[in-house]
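Next come the chains, spelled out residue by residue.
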Amino acid sequence: MTDLDLTPGLSPGHLGAPVMEPAGRPPGPPAPRPEPPDPHRRRNGLACLLTALSLVVVFGGIGLAGFSWLQGQRKPPAAADFAGGGSGSVQVSVPEGAGLSQIASALVRNGVVASSLAFTRAAKGSAAAAGRIQPGTYTLRQRMSAAAALAVLVDPANANGLTIPEGWRGSQIYAAIDKKLQLAAGTTEQTAKDQAAELGLPENANGTPEGYLFPATYSVTEDTTAAELLKQMVERAGKEFARDDAEVVATNLGQSLYGLVTIASMVQGEADNSEDMAKVARVIYNRLAKNMPLQLDSTINYALGRSTLNTSVTDTRLDSPYNTYKHAGLPPTPISNPGRQAIMAAVDPAPGDWLYFVTVKPGDTRFTDSFDVQQKNVAEFNATRAASPSATASGSAPASGASSGSSSGSSSGSAPASASAGAGAPSGTGGH
C-alpha cells in the first residue's frame, strides 16, 4: 500500500487533479496580461509622423528652391576669348558632318580662337549659325574673337570646298577637280588611271572609279592634290555602300554589290524626282528577272558622252556594251555617281509589278505593267514634247511602244519615240 492509497482526493494526472509544479521552479504570481493598445495614442503617433514628414517636405522644398535660385543667380564661368579680328592667316578645314565641338577643337588647334567653350557658346547663341557652317576650307586669322571667327564660318562664300552634285559622271568630276585645283585639263582623269590601285576601289571595279566618286562637299586646301580628293570620294562611297548591310541585300536581290552600285547609278539618271527612285529601281529589277533588255536611254547617252532627252532609232543600234537596247542585263560599269537616295532605292525598291515607265512631263511619271498602257503614255509624252518650243526634232520614227520608261519596246520590235525620255524619264539631272 502506498501513501497515495491512504490519501483521499484525486491522484495526480486524474481529471480535476491539481497541476504539479515542475521540480526546481518555485511557484510565482501569474504573468501580467498586456494592455490593449490605446487607439487615441496610436492616432496621435501617426499624426506626429505625418506632421514631421510634411515639415521635411516643406522645408526641403524651400531649401531646394533657394538652392536653385542661388544657382540661377550665379554667372557661368567666363570662357577664355580673344578680342578683335585677329591677325595673320591660317586655313582650317571643316569636314562633312563636323559638329560644333569638332569645329571648335580645330579652331583652337590652329590658334584661331582662345577656347572651345567660347566658340560653342557663340555658335549656340546665334540663330544664324544653326546648320549654316558648310564643309570646306576657310581662311581665318589667328587670335580672333569667337564671334569674329563664327562670322567667317557661317558665310558659305568663304567655304573653299568642292561640291560634287548627285548623278555626275566621272568625266564631269575630273574636270571640276582640275578647275578647283587649277590643274591642266585632263590631269585628274590621268591621275585616276595611273593611281587606280591606290584609290581604295573594290576589286570588282577593275580600276574604274565610276560609281564610287560619292557626291558631297569636300574640303580643299592649298596642299590638296587630285589623288587625295579621289581617295576621299572613294572612301566616302565605301562607307555609304556599307550601310544597311548593302552587300547582303544585294545578294538577296540576286546582284553583287557592284551590280547594286550600277543599278543605283541608273536610278540616279532616270528618276524624275527622289520620290520615284524606288519605283524606277523596281522596274529595273523586274525587267532583269524576266531577262528583258533594260532599254534605258541614259546608258546610250553615257556611251555617247552626251545629255539629251532625244533618242533616235539610229542611237538604239549603237554598237556599245552600254547600249541596253541591244544587250540584256546591266551595263559593264555604273553610268554615274549616285547619291544616298538613289543607293537606298536600289537597296530597297518599291513593291510592284511595273515593267514600263515614262515621264510625260516634269512631276508626272507613269508606271505600268501593261505594254498597251505604256503605248498611250508614250504617245502623250511625244505630243507634249512636240508642243514644247524647246523640243528638238530628232528625225526618228514615232513610238509604238515603250519599255522600262524608254520609248521602245523590245518585245514588239517597236521604234523609239521621236523624243525618248532616257528610260522614259526625263530627270533634268544631266544624267542622260
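Residue numbers restart at each chain and count upward from 1, following the sequence in its written direction. Per-residue local features of the predicted model are confined to residues with pLDDT of at least 70, and side-chain atom pairs are confined, for both listing and counting, to 80 or more; whole-chain, interface and lining totals are unaffected and use all residues. As a convention, hydrogens and water are excluded, and side-chain values are obtained from all of the structure's heavy atoms.

Draft legend 1. Up close: the overall build of the chain. The secondary structure content of the chain amounts to 14 helices and six strands. Buried positions account for 42% of the 432 residues belonging to the chain. Looking at the chain as shown, the accessible area adds up to about 22,900 Å², and 55% of this sits on carbon and sulfur atoms. Think of it this way: any DSSP run of H or I at least four residues long counts as a helix, any run of E at least two long counts as a strand, and we number them from the N terminus. To sort residues, take the accessible area from a 1.4 Å probe on protein chains only and compare it with the maximum for the residue type: under 20% means buried, over 50% means exposed, and anything in between is partly exposed. Here the accessible surface of atoms and residues is derived via Shrake-Rupley with a 1.4 Å probe, and residues count as covered only by protein chains that are part of the display.

Draft legend 2. Structural detail: the packing of helix α10 (residues 257-270) against helix α13 (residues 340-347). Packing of α10 against α13 leaves a shortest axis separation of 8 Å and a crossing angle of 120°. Of the possible angle classes, the one that applies to α10 and α13 is oblique. In this structure, α10 meets α13 at a crossing whose hand is right-handed. Contacts from L260, I263, A264, V267 and Q268 in α10 reach A342, I343, A345, A346 and V347 in α13. Tallied by class, the residues present in the contact of α10 with α13 amount to nine nonpolar, one polar and no charged. As a rule, the C-alpha atoms of each element are fitted with a line to give its axis, helices using only the stretch in contact, and angles between N-to-C directions run from 0 to 180 degrees. The labels follow the angle: roughly parallel below 35 degrees, roughly antiparallel above 145, roughly perpendicular from 65 to 115, and oblique for the rest. Helix crossings fall into two classes, left-handed where the near helix is turned counterclockwise from the far one by less than a right angle and right-handed where it is turned clockwise. The contact criterion used throughout is that any non-hydrogen atoms of two residues lie within 4.5 Å. Polar here means any residue outside two lists: the nonpolar Ala, Val, Leu, Ile, Met, Phe, Trp, Tyr, Cys and Pro, and the charged Asp, Glu, Lys and Arg; Gly therefore counts as polar.

Draft legend 3. Quick peek at the packing of aromatic side chains. We call Phe, Tyr and Trp rings a pair once their centres come within 6.5 Å, taking the six-membered ring for Trp, and we label the pair stacked below 30 degrees between planes, edge-to-face above 60, and tilted otherwise. The full count for this structure, using the stated rule, is six aromatic pairs. Here W354 and F367 contribute two aromatic rings whose centre-to-centre distance is 5.7 Å and whose plane-to-plane angle is 55°, an arrangement assigned as tilted. Taken together, the positions of W354 in the loop between α13 and β5 (356-361) and F367 in strand β6 (residues 364-368) put the pair 13 residues apart, joining distant regions of the chain. Per residue, the accessibility class of W354 equals that of F367, and both read buried. Through a chain of ring-to-ring contacts, three or more aromatic side chains come together here, namely Y212, F241 and Y258.

Draft legend 4. Fine view of the nonpolar core. By size, the foremost hydrophobic cluster in this structure holds 55 residues, and its most contacted members are L162, I177, Y212, M233, V267 and I284. Counting only elements with at least two residues in this core, the list comes to α6 (170-180), α8 (226-242), α9 (246-252), α10, α11 (277-289) and α13. We call a set of buried Ala, Val, Leu, Ile, Met, Phe, Trp, Tyr and Cys residues a nonpolar core when their side-chain atoms join them within 4.5 Å.

Draft legend 5. Expanded view of the pattern of salt bridges. Here, a salt bridge means any side-chain nitrogen of Lys or Arg that lies within 4 Å of a carboxyl oxygen of Asp or Glu. Per the counting criterion, the structure on display carries seven salt bridges. Of the charged contacts in the structure, one is a salt bridge between E240 and R243, with a shortest N-O distance of 3.1 Å. In this structure E240 comes out as buried when scored by relative accessible area, which is 7%. Here E240 makes a salt bridge to R340, at a shortest N to O gap of 3.6 Å. Here R340 lies in helix α13 and E240 lies in helix α8, a separation of 100 residues in the sequence. Side by side, E240 and R340 carry an identical accessibility label, which is buried.

Draft legend 6. Geometry of unusual backbone geometry. Residues other than glycine seldom take positive phi values, yet N206 does so here, at roughly 55°. Along the chain, N206 turns up in the loop between α7 (187-194) and β4 (217-219).

Draft legend 7. Geometry of the layout of surface pockets. Estimated volume of the largest pocket: approximately 270 Å³. Points on a 1 Å grid, built from protein atoms alone, make a cavity when a 1.4 Å probe fits but cannot get out and make a pocket when they are open with protein on both sides within 12 Å along at least 5 of 7 lines; residues with an atom within 4 Å of a point are the lining residues. If you go around the largest pocket, you meet 13 residues; those closest to its centre are P95, E96, Y218, S219 and Q232. Top contributing element to the lining of the largest pocket by residue count: α8, with five residues. Grid points are joined across faces, edges and corners, and a volume is the space filled by probe spheres set on the points. Here the second largest pocket defines a volume of roughly 230 Å³. Counting only elements with at least two residues in the lining of the second largest pocket, the list comes to α6 and α7.

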